[in-house]
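Observations on chain architecture
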Amino acid sequence: MISTKPILVERVKTIILEANETNSKSFGTGSYETILNTSVEINNGDTISLESAFVDTSNINPENIYIDKDVEITWNNGSYVISQELENFCPSANLGQGQEITTNKPLIFSEYHVESATDMVLWTTVTSIRAGPLPAGSDFNWGGVPIQFQVLNAQGKSVRITVNVPYFESKDSGQPEETWNLNIVGRRDGPPVAIDPETGNPVGPALWSFDGGGNNGNILTPIKVVNDYPFTEFEEFDTGRFTPVINEGNFTVPSGQYTPVHLAKLLTDGFDRLKSERFSIDPVPKNNIFPSRIDSFVGGGAVDPTTTIISIPEIDFRGLPAGEWSLSVLEGWTASITYVSVYSVVGPPIVDEVVNNISTTVVASLPGDGAGTFRIPVMVPLAASPYSLYPTVPGYVENGGPTVVFSPPEGTFDDGSAFLQNTENYKLRGTDGKPMFALVDATAAHKNIFTYNTDAGYVWTGSNNIEVIWDDEQKRFKFNYLHYPLTSGVNTGPAIINQVSWAYYSGPAKYGDLPDPLPAGYYRGYDYGSSNQTIRSYGGCFFTDLQPFNSFWHKILGFETSVLVAYTQGTIPKGFVGGIVTSGITPTEYTNVTLPRLDLTVGTNITEQLLVLGDLTGKPLDYTGSSVVTFSRSAAPNVADEGRVGVSADDTRPITASQGEAVGIQSSGYYIADIDIGTSYNENIGSDTIQSSYSRNIRAIINRYYSANSYTSSAGNNISYIHYGNSFQLSNIKVRLTNSDGSAIKDLGTDNSIFLKVVKQQQINIAPDPMPPPPKN
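Residues numbered from 1 in each chain as written. Predicted model: local features only at pLDDT ≥ 70, side-chain atom pairs only at ≥ 80, totals over all residues. Heavy atoms only, no water.

1. Some points on the sheet that holds strand β51 (residues 655-656)
Strand order in the open sheet formed by three strands is β36-β37-β51, and the pairing between neighbours is antiparallel. Across the chains shown, the open sheet's two edge strands, defined by having one partner strand only, are β36 (467-471) and β51. Strands β36 and β37 (476-481) of the sheet are contacted by helix α1 (residues 260-272), whose axis makes an angle of about 170° with β36. (Pairing = 2+ DSSP bridges. Helix = DSSP H or I, 4+ residues; strand = E, 2+ residues; numbered from the N terminus. Contact = heavy atoms within 4.5 Å. Axes fitted to C-alpha atoms, helices over the stretch in contact; angles between N-to-C directions.)

Dropping the structure here:
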């Protein structure tokens, strides 16, 4: 019998659609839209799935670091030396306690601020507000957050100081306030501004929040706002205060793709690169203009009538970097002299006052000229006062009288490096005649202040090498060198030095020393209380700021904020009167001074040579055979060069970063492809037909695989989208390729392609046409 009904047969029609980025409109890395030449009608029951995807990873190398834009590196740093055998240092007193000159502890290179000098003040206390509220009745420690404060130093330059906010215990809800000691020395006209060390952004009127993250607590406002302005209390100086000398520098890391080793070398070169004529890194600017009063000026006399002799106070002369007076000490310097001439005329007493300004060049003094004098070419106005050789009109002498400002010839002083400084550049004295620069014990003990011999010898402070390395085994960046490695004396190569300290002793002589008994003093010898000391570096430097910290040093390289050294100012004045006369150097007496407090920890914020078991076999230097021992790092022991143990230059205790996001270990093993075909609902996962479980995009998982000059691909096996409802025209395909966390894929190529498979279920009527008439009954 011939059927008179339609005969329907299921047929499958497959269409492959390509969406290639090369021929599409791009919206950024891995994001593009392809317009189809011919649209495809999608009907009820049609299935759409990802046939395959090809992600252009030909330029991606998992061992490389991609930096998408130039990074401007800036930093602030201080320097230190290790208190070992330093022949040019002179230790001061230490509150009556026995002093070990050789303690092998860091001495921080510091600047001395005296009362009212450069309008410096001590910024004392601040009030911070915690973010809240807290759970009712809960115990909660907050604070403990490292915050950087930006202040102005004595030279008027901005420096950043890292301060650790103390922990506070509070059960209060809401936003409790806590007042704590800031203790930062800075200029009065530069109140502290809070800087978020993670972002480098100021925390001020435009951005109040500060979040330490983790369990460190949260601080909403680091400095309480009073009348719309951050408020910090300060005190006038009533004592001298030492603060670390903070240097600075900068360089640029260009955008591009780097191997970790290459990036580490680029950072090392940026820190350490030199110009041909001098160091390219400028330290804190030193004051190369030196003012002084004038005691007197007289004609050059018969010895040289073409010159004028000018005398300045001895204390001012000592403040010049040149040191003690000599015949050519100021030769070639510029002397800018200001004084007042007073004229009288016949008749009624009329006094004319004329301000004279002279800029001239200093010539060498002549034999027989007194100390503290110098000669300039003769200047007639200097003799234009009928009253005396220089004005004595009341009011002028009291206001300083005639003055001279010295300027050294250009290039006289090399500023050196931010990391390695010679104390020759820091010979200035303060208004009280004390050296403005010294090395201080910045630990809790605060036992020593060391000044250096400013007349003859000088000392290097800091590090001669800054090195960043990539450890391929640990997949970590490291600061390998922030220290000045030791050398082994007569032998070559770096070394660990074992030696014997000085000790304070009085009593019977133990080694045949005379007199016997020995008077109270400092001696070497185990029976005198000396101890073995193992030295691991001459000194080094430390960072107080690295920028941009969060986006570069932390996120890419993996360094933590602990690499930044926090410090505050001591608040208890201590007297350093008298001292130990050593190698003919007169000790410096400081009275009523306070010192900075720093915590320098090897492996956290400083580095040193590594000490291994084999190094301990070296014998300590034996100074016990004689009572006459010169205070010198080069003092000869009884057995030449004993205690000098050569070690490998590469054996260091570095600062090791945590795992950064840049290289080594991937956060996941796949990419995500989001494909938008303009549907209202698309099946995301599973086969449930409930539309609430659908999302708008087709999502596909793509293997994250790299090999040079290739693509990573994914083929099918994704959950299909089945269309239900009214028909629509598929005319464009939008594609977005991302990392698994939704972030852009760095260094992705532009030849990305995806292929969609459209499966259309069609019913075909295979009955004859026209249909035969229905049979008759």
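This is not the end of the story, as more comes after the structure.
2. Structural notes on α1
In an α-helix, one turn spans 3.6 residues, which is why side chains three or four residues apart end up on the same side. With 13 residues, α1 extends 18 Å between its outermost C-alpha atoms, agreeing within 8% with the 18 Å of an ideal straight helix rising 1.5 Å per residue. Of all the residues in α1, the buried ones are Pro260, Leu263, Ala264, Leu267, Thr268, Gly270 and Phe271. The buried residues of α1 occupy an angular sector of 160° when the element is viewed end-on, so they sit on one face. (Expected span 1.5 Å × (residues − 1). Buried < 20%, exposed > 50% of the residue type's maximum accessible area, 1.4 Å probe, protein only. Arc of directions from axis to C-beta.)

3. Regarding the nonpolar core
Counting 41 residues, the largest nonpolar core has Phe149, Phe242 and Ile449 as the members making the most contacts within it. Counting only elements with at least two residues in this core, the list comes to β6 (71-82), β8 (106-113), β9 (120-130), β11 (146-152), β12 (158-164), β14 (177-187), β33 (437-441) and β46 (590-594). Phe242 has contacts with Ser110, Glu111, Tyr112, Ala438, Val440, Ile449, Gln569, Tyr590, Val593, Thr594, Leu595 and Pro596, leaving out every residue within four places of it along the chain. Trp75, Leu546, Phe559 and Leu564 belong to the second-largest nonpolar core, a separate cluster that totals 33 residues. (Core = buried A, V, L, I, M, F, W, Y, C linked by side-chain atoms within 4.5 Å.)

4. Quick look at the confidence of the model for the chain
On average, residues of the chain score 74 in pLDDT, and 66% of them reach the 70 mark or higher. The secondary-structure element of the chain with the lowest mean pLDDT is strand β53 (residues 682-683), recorded at 40, while β51 shows the highest, at 96. Low pLDDT, under 50, characterises residues 95-99; the predicted model gives this stretch 16 contacts beyond four residues in sequence or across chains. Per-residue pLDDT stays below 50 along residues 274-285; that stretch engages in 36 contacts with residues further than four places along the chain or on separate chains. (pLDDT = per-residue confidence, 0-100.)

5. A closer look at the environment of Tyr452
Counting through the fold element by element, Tyr452 comes out in strand β34 (residues 449-452). The exposure class assigned to Tyr452 is buried, which follows from its relative accessible area of 5%. Expressed as a C-alpha distance, the spacing of Tyr452 and Phe437, which sit 15 residues apart in the sequence, is 8.9 Å.

6. What to know about unusual backbone geometry
The omega torsion of the bond from Asp516 to Pro517 falls at 10°, within 30 degrees of zero and hence cis. Inspection of the secondary structure puts Pro517 in the loop between β40 (503-507) and β41 (518-523). Cis geometry is found at the peptide bond from Gln547 to Pro548, where omega equals -5°. Even without being a glycine, Asn183 presents a positive backbone phi close to 55°. At Asn592, a position not held by glycine, the phi torsion is positive, near 50°. Examined against the element boundaries, Asn592 turns out to sit in strand β46. On the basis of relative accessible area, Asn592 is assigned to the partly exposed category, the value being 45%.

7. Examining the packing of aromatic side chains
For the structure shown, the criterion picks out 25 aromatic pairs. Arranged with centres 4.9 Å apart and planes meeting at 70°, the rings of Trp75 and Phe271 form a pair that is edge-to-face. Of the two residues, Trp75 is situated in strand β6 and Phe271 in helix α1; the sequence distance between them amounts to 196 residues. With respect to burial, Trp75 and Phe271 carry one shared label: buried. (Phe/Tyr/Trp six-rings, centres within 6.5 Å; stacked < 30°, edge-to-face > 60°.)

8. Describing the side chain of Thr125
Structurally, Thr125 can be placed in strand β9. By relative accessible area, Thr125 is classed as buried at 18%. Of note is the side chain of Thr125, whose polar atom sits 2.8 Å from the side chain of Glu233. Non-local contacts of Thr125, meaning those with residues more than four positions away in its chain, are made with Thr179, Trp180, Asn181, Leu182, Thr232 and Glu233. (Polar contact = N/O pair within 3.5 Å; in protein donor to acceptor, adjacent residues only side chain to side chain.)

9. Description of the sheet that holds strand β27 (residues 307-311)
Spatially, the three strands line up as an open sheet ordered β26-β27-β30, and their pairing is antiparallel. The two strands at the open ends of the sheet, each matched to only one other strand, are β26 (296-299) and β30 (373-377). Going across the sheet, the axis of each strand differs from the next one's by a mean of 25°, ignoring polarity. Relative to β30, β27 is paired through five bridges, and the arrangement is antiparallel. Each residue of the ladder has a partner; that of Ile309, found in β30, is Arg375.

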